[in-house]
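# Summary of the model geometry
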Amino acid sequence: MPIDQAEYVVIEPGATGPDAVARAFENQVAYCRDNGAPITAQVCHALRELLDTDRGGAVMRRVRRWAGPALADALPLRVAGGLHALHLRGDEPNLAPIYEGLSPNNATELIADAIERHEPFLLPWLDGPPQTNEAGRSAAFAAAFLWLVDHGLPGHFDLLEIGSSAGVNLMMRRFRYDLGGLRIGPKNARMQLKPEWRGEPPPAKGYDIVGAEGCDVAPVDLTDEGQALRLKGYIWPEFTERFARLDAAIEAAKVFPPEIERKRAVDFLRERLGRPQQEGTTRVLMHSVVWQYIPREERDQIVELMEEAGHKARDETPLAWVSLEANRDTHRHELTVSYWPHGDIRRKLATAHPHGSWIDWKG
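Residues numbered from 1 in each chain as written. Predicted model: local features only at pLDDT ≥ 70, side-chain atom pairs only at ≥ 80, totals over all residues. Heavy atoms only, no water.

## Notes on the sheet that holds strand β10 (residues 332-340)
The strand order across the open sheet built from nine strands is β5-β12-β11-β10-β9-β8-β1-β6-β7, with neighbouring strands paired in mixed fashion. Of all the strands in the sheet, the pair left with one neighbour each is β5 (196-198) and β7 (259-262). On average, adjacent strands in this sheet sit at an angle of 25° to one another, irrespective of strand direction. Relative to strand β8 (residues 282-288), strand β1 (residues 156-162) runs parallel, the two being bridged by five bridges. Each bridged residue has a counterpart across the sheet, and for L159 the counterpart in β8 is V284. (Pairing = 2+ DSSP bridges. Helix = DSSP H or I, 4+ residues; strand = E, 2+ residues; numbered from the N terminus. Axes fitted to C-alpha atoms, helices over the stretch in contact; angles between N-to-C directions.)

Encoded structure:
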């Protein structure tokens, strides 16, 4: 099927087997196309075509025999990230026409050749989920914090982030935002974020971040060149501003690195939520584009932990849960929030581009 005719296919996130693998690539093509990423769509389309051949060596054999849930595992993006990193390293010049947006007719053959030539480099990219740390997503968090302050919560936020990756969003206190004309954050910040804003601006309030800690099962050190390349490989090449934002985050991390612990999300939260909370602060669990990668049993445990902590929350020590995650039914990312002791109903504040390009605010 041509890229411009790619359609979403109904598939359970936990589905496994060859059909699930094929459907995951088809959905990824449609998703990339709908989010303004034609280059990444072409790469995923070529990989889908390779599934029906014997090309691609050990990498594609492993993909075809994928035992886990291909959609939930973001299998297409694991391969696409490795191929992009090959291009960024300059190790595969034949991929240049693809990444320059020339849409070569022989893209599938070019990708098959590259995969077969670089098996040792590409195979490890299949071992773990994508690392898609993106500063642009923090604009949605900032808007949610303003909303929480408007609903009476203390504006001194103590952040707990799960799936922190490189901890870019843990540094958001140093970022400057323009949210529909409402400007917050340090005026001289190197990281200046101005998403396309749809709807009314968020509440004209203020907030401060008094603490920011995170965890990840495989944290990324932004100051390590090799690890930073891995993050850049997962950036869709169409969005050049994301490379500039990552470079700014790298410089910020060199000055004052974020606090990230190598730990499972549920273990991190159990320990952090058990700590005493300073009165007049709002403790916040936040996460973006990570929930699908957490095993279901662990997700259930996190929900239980948050509900237990919510029952203990008081007006002077409230708890909030802010997330920007994919809705698998609508294929859109939604900004949602809950808070305790008085607002535990999950509320959708906005839909947003997965990389922060735009925010459709409902409030």
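And the narrative resumes.
## Regarding the side chain of H355
Structurally, the position occupied by H355 is in the loop between β11 (343-352) and β12 (358-361). Looking at H355, the relative accessible area reads 5%, which means it is buried. Of note is the side chain of H355, whose polar atom sits 3.4 Å from the side chain of R242. H355 has contacts with E134, G136, R137, W236, F239, R242 and R245, leaving out every residue within four places of it along the chain. (Buried < 20%, exposed > 50% of the residue type's maximum accessible area, 1.4 Å probe, protein only. Polar contact = N/O pair within 3.5 Å; in protein donor to acceptor, adjacent residues only side chain to side chain. Contact = heavy atoms within 4.5 Å.)

## Here we look at the nonpolar core
Formed by 55 residues in total, the largest nonpolar core has its most connected members in F145, L148, M172 and L222. If one sorts the elements of this core by residue count, helix α8 (residues 138-150) sits on top with 11 residues. Core analysis: the next-biggest nonpolar cluster, separate from the first, contains 44 residues, A24, M60, L71 and L77 among them. (Core = buried A, V, L, I, M, F, W, Y, C linked by side-chain atoms within 4.5 Å.)

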